Amino acid sequence: MKIEKISKDKEKICFLIKGINNTIANSIRRSILEIPILAIDSVEFYKNDSALYDEIIAHRLGLIPLKTTKTFTQKEKCSCKGKGCSKCTASFKLKAKGPIMVYAKDLKGRGIEVVYPDMPIVLLGKDQELLLSTEATLGIGKEHAKHTPGLVWFNSYPIVEIKNCNGCQECISTCPRKAITIKNKKITIDPLKCDICEACVELSKKRGKCSINIKPSKEDFIFYIETFGQLKPEEIFIDAIKILDSNLKEFEKQLSKKAKKKK
Ligand SMILES: [Zn+2]
């Protein structure tokens, strides 16, 4: 397996993985749903004069991405046995009086901060009050989407074959992704823009002057990871690989246990 970085910024990373197969690529993608991510899980309302029901505000609070400087344990694996303690639960308080727009930054808690402080929660009219306390815990995206660290998707790397190009440039305008360019009278197809729609392949078959062939690679994949802000995009990938590895080890352990029993 070989990894080549294609592009990277604060929120998104794109890279090429060579020498795997579709099953492994998809297992890595699915493993991000098992990365423990902090999110608000319970809300207690003391006062809510706003136009929104308690449930709607609670739902909005649940979707706010949270960052932490502390290391948390998953509640069910914590020494408190799921009762909730400082090792597995973070508490927030929110107190606001209108007229005001309540933002995510108005949540006050220790050791935890919101990723996007300017996310609006609710608009309070004159003399309307909102008073609540919340608890955030670690969870996984498999159980609830609010615990998802980001988006991961991948494409097969396109294998391009161009024969007998006469430089007519007709294929350039057929490509909906504008992946085809011409240099020194020779066309080239950008593998990062091409999504293998085969519009150019069909055109070349119709015209019969040249031949363009594009196939999806079965072992090279372009990966994209976009974070919601709780983790860096490269951390999402590393954590997903670690989880996949530990799941496979567990699977192996269970299999060998069963094999021993049969003997
Ligand atoms: Zn605990």
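Think of each chain on its own: its residues are numbered from 1, step by step along the sequence as written. This being a predicted model, a pLDDT of at least 70 is required before a residue's local features are given, and a value of 80 or more before pairs of side-chain atoms are given or counted; all residues contribute to the totals for chains, interfaces and linings.

Section: the sheet that holds strand 10 (residues 129–139)
Right, on to step 1. Strands pair, by our definition, only if DSSP identifies at least two bridges between them. By the criteria applied, helices consist of DSSP H or I runs no shorter than four residues and strands consist of E runs no shorter than two, each listed in order from the N terminus. Spatially, the 4 strands line up as an open sheet ordered 3-10-5-7, and their pairing is antiparallel. Each end of this open sheet is capped by a strand with a single partner; those strands are strand 3 (37–48) and strand 7 (108–109).

Some details on unusual backbone geometry
Glycine aside, the phi torsion of most residues is negative, and most peptide linkages are trans.
Right, on to step 1. Here Gly98 and Pro99 are connected by a cis peptide whose omega angle stands at 5 degrees.
Right, on to step 2. Along the polypeptide, Pro99 turns up in the loop between strand 5 (89–97) and strand 6 (100–103).
Right, on to step 3. Although it is not a glycine, Lys81 sits at a positive phi angle of roughly 60 degrees.
Right, on to step 4. As a rule, residues whose C-beta atom has 12 or fewer other C-beta atoms within 10 Å are exposed, those with 20 or more are buried, and those in between are partly exposed; C-beta atoms are placed from the backbone. Given 11 C-beta atoms within 10 Å, Lys81 falls into the exposed group.
Right, on to step 5. Here the phi dihedral of Glu198 falls at roughly 65 degrees; this positive angle occurs in a residue that is not glycine.
Right, on to step 6. Looking at the element boundaries, Glu198 is found in the loop between strand 13 (186–189) and helix 4 (199–207).
Right, on to step 7. C-beta crowding within 10 Å serves as the criterion here: with 16 such atoms nearby, Glu198 is assigned to the partly exposed category.

Remarks on the sheet that holds strand 1 (residues 2–8)
Right, on to step 1. The 4 strands lie next to each other as 1-2-14-11, forming an open sheet whose pairing is antiparallel. Across the chains shown, the open sheet's two edge strands, defined by having one partner strand only, are strand 1 and strand 11 (150–163). Here the strands of the sheet are splayed against their neighbours by 30 degrees on average, with no regard to which way each runs.
Right, on to step 2. Strand direction decides the pairing type here: strand 1 and strand 2 (residues 12–18), joined by 6 bridges, are antiparallel. The residue bridging Ile3 from the neighbouring strand is Ile17, located in strand 2. In this analysis an axis means a line fitted to C-alpha atoms, helices contributing only their contacting stretch, and an angle means the value between N-to-C directions, from 0 to 180 degrees.

Let's talk about helix 1 (residues 22–31)
Right, on to step 1. When we look at burial in helix 1, the residues that qualify are Ala25, Ile28 and Ser31. On an axial view of helix 1, the arc spanned by its buried residues comes to 130 degrees, and they lie on one face. In this structure, helix 1 carries Thr23 and Asn26 as exposed residues pointing more than 90 degrees from its buried face.
Right, on to step 2. What counts as a contact here is a pair of residues whose C-beta atoms, placed from the backbone, lie within 7 Å. For helix 1, the elements touching its buried residues are strand 11, strand 14 (211–227) and helix 5 (233–262). Here, the arc refers to the directions that run from the helix axis to the C-beta atoms.

Some details on the pairing of strand 1
Right, on to step 1. Burial analysis of strand 1 places just 0 of its 7 residues in the buried class, which makes it a mostly uncovered element.
Right, on to step 2. If you look at the hairpin formed by strand 1 and strand 2, you'll find 3 residues sitting between the two strands.

Side note on the environment of Leu124
Right, on to step 1. Here Leu124 lies in strand 9 (residues 120–124).
Right, on to step 2. Spatially, the C-alpha atom of Leu124 lies 28 Å from that of His147, the residues being 23 residues apart in sequence.
Right, on to step 3. For Leu124, the contacting residues outside a window of four places in its chain are Ser50, Ala96, Lys97, Gly98, Pro99, Ile100, Val102 and Leu130.

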